[in-house]
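Examining the three-dimensional arrangement
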Amino acid sequence: MDRLDHLEHLDKALVDELAQVARETVRDELREQTRRQRRRAMLYAGSGAVALYAGAALALALGLGLAAALPDWAAALITAVILGVLAYLLRGAARPSASRPTADTATGAAHGRTLGGTAPGTPPSGLGMPYPPMPPGPPEAGAPGTGGTRTPHPDDIDPEQPHHRA
């Protein structure tokens, strides 16, 4: 038995050492991934700052070019209107709209799936209606065209009779 106790001690020591090595390996890998992501984020931030200054320089050049032919206030106003229209168009291009198909709706329609919880207006083949029309309301008991059938009342149901579905 002493020999088995000694092996249990070795197993515990081995498991502890393996867990420590695994923790250090995971920690080192996460540190390296974080370092790469931080570098990438700094490059994106620098790129955005340079693009902002480039846009400002372009707006200044446009204003100065217009100021050569127009009064300064008119050139500044025209430049502001052009930049406002450009910002509006860029915002519209970034925002998905119901009339313009996005990548998700285009792929969903191509695979025959219904996105957004609504059925398509026509089947993909373009022939006929995909579904029968919905009635305006629930069927009424004894209404004309229902064949005189009515919904059974809970008191009319006999629990001992077998249940058959038509």
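Bear in mind that the values here come from a model prediction, so they are computed numbers and not experimental data.

A count of helical and extended segments in the protein chain gives 3 helices and 0 strands. Looking at the protein chain residue by residue over its 166 residues, the buried ones come to 4%. Intrachain contacts of the protein chain at a sequence separation of at least 6 include 3% that bridge at least 24 residues. About 15000 Å² of surface is accessible on the protein chain, with carbon and sulfur atoms providing 64% of the total.

Take the confidence of the model for the protein chain next. Chain-level statistics for the protein chain give a pLDDT mean of 76 and a share of 63% at 70 or above. At the level of individual helices and strands, the protein chain shows its lowest average pLDDT in helix α3 (residues 103–110), which scores 52, and its highest in helix α2 (residues 72–94), which scores 87.

The end-to-end C-alpha separation of α2 is 33 Å, in line with the 33 Å expected for 23 residues at 1.5 Å each. Buried within α2 are the following residues: Ala74, Ala75 and Thr79.

Below, the discussion takes up the side chain of threonine 79. Topologically, threonine 79 is positioned in helix α2. We classify threonine 79 as buried; its relative accessible area is 8%. Among the polar contacts made by the side chain of threonine 79, one reaches the main-chain carbonyl oxygen of alanine 75 at a distance of 2.8 Å.

This brings us to the pattern of salt bridges. Overall, the coordinates contain 4 salt bridges when judged by the stated rule. The shortest N-O distance in the salt bridge between lysine 12 and aspartate 16 comes to 3.5 Å. Linking lysine 12 with aspartate 16, this pair stays in helix α1 (residues 2–67), spanning 4 residues, or about one helical turn. Given a relative accessible area of 54%, lysine 12 falls into the exposed group. Under the relative-accessibility criterion, aspartate 16 is labelled partly exposed at 41%. A salt bridge links glutamate 32 to arginine 35; its shortest N-O distance comes to 2.7 Å.

This brings us to the UniProt feature "transmembrane region" (unreviewed entry) in the protein chain. Using the residue numbers shown here, the UniProt feature "transmembrane region" (unreviewed entry) corresponds to residues 41–67 and 73–90. With 100% helix and 0% strand, residues 73–90 has end C-alpha atoms that lie 26 Å from one another.

Cut-offs used in this document
- Residues numbered from 1 in each chain as written.
- Predicted model: local features only at pLDDT ≥ 70, side-chain atom pairs only at ≥ 80, totals over all residues.
- Heavy atoms only, no water.
- Helix = DSSP H or I, 4+ residues; strand = E, 2+ residues; numbered from the N terminus.
- Buried < 20%, exposed > 50% of the residue type's maximum accessible area, 1.4 Å probe, protein only.
- Contact = heavy atoms within 4.5 Å.
- Areas by Shrake-Rupley, 256 points an atom, 1.4 Å probe, with all protein chains shown as cover.
- pLDDT = per-residue confidence, 0-100.
- Expected span 1.5 Å × (residues − 1).
- Polar contact = N/O pair within 3.5 Å; in protein donor to acceptor, adjacent residues only side chain to side chain.
- Salt bridge = Lys/Arg side-chain N within 4 Å of Asp/Glu carboxyl O.
- UniProt positions renumbered as here; feature names shortened; annotations may be inferred.

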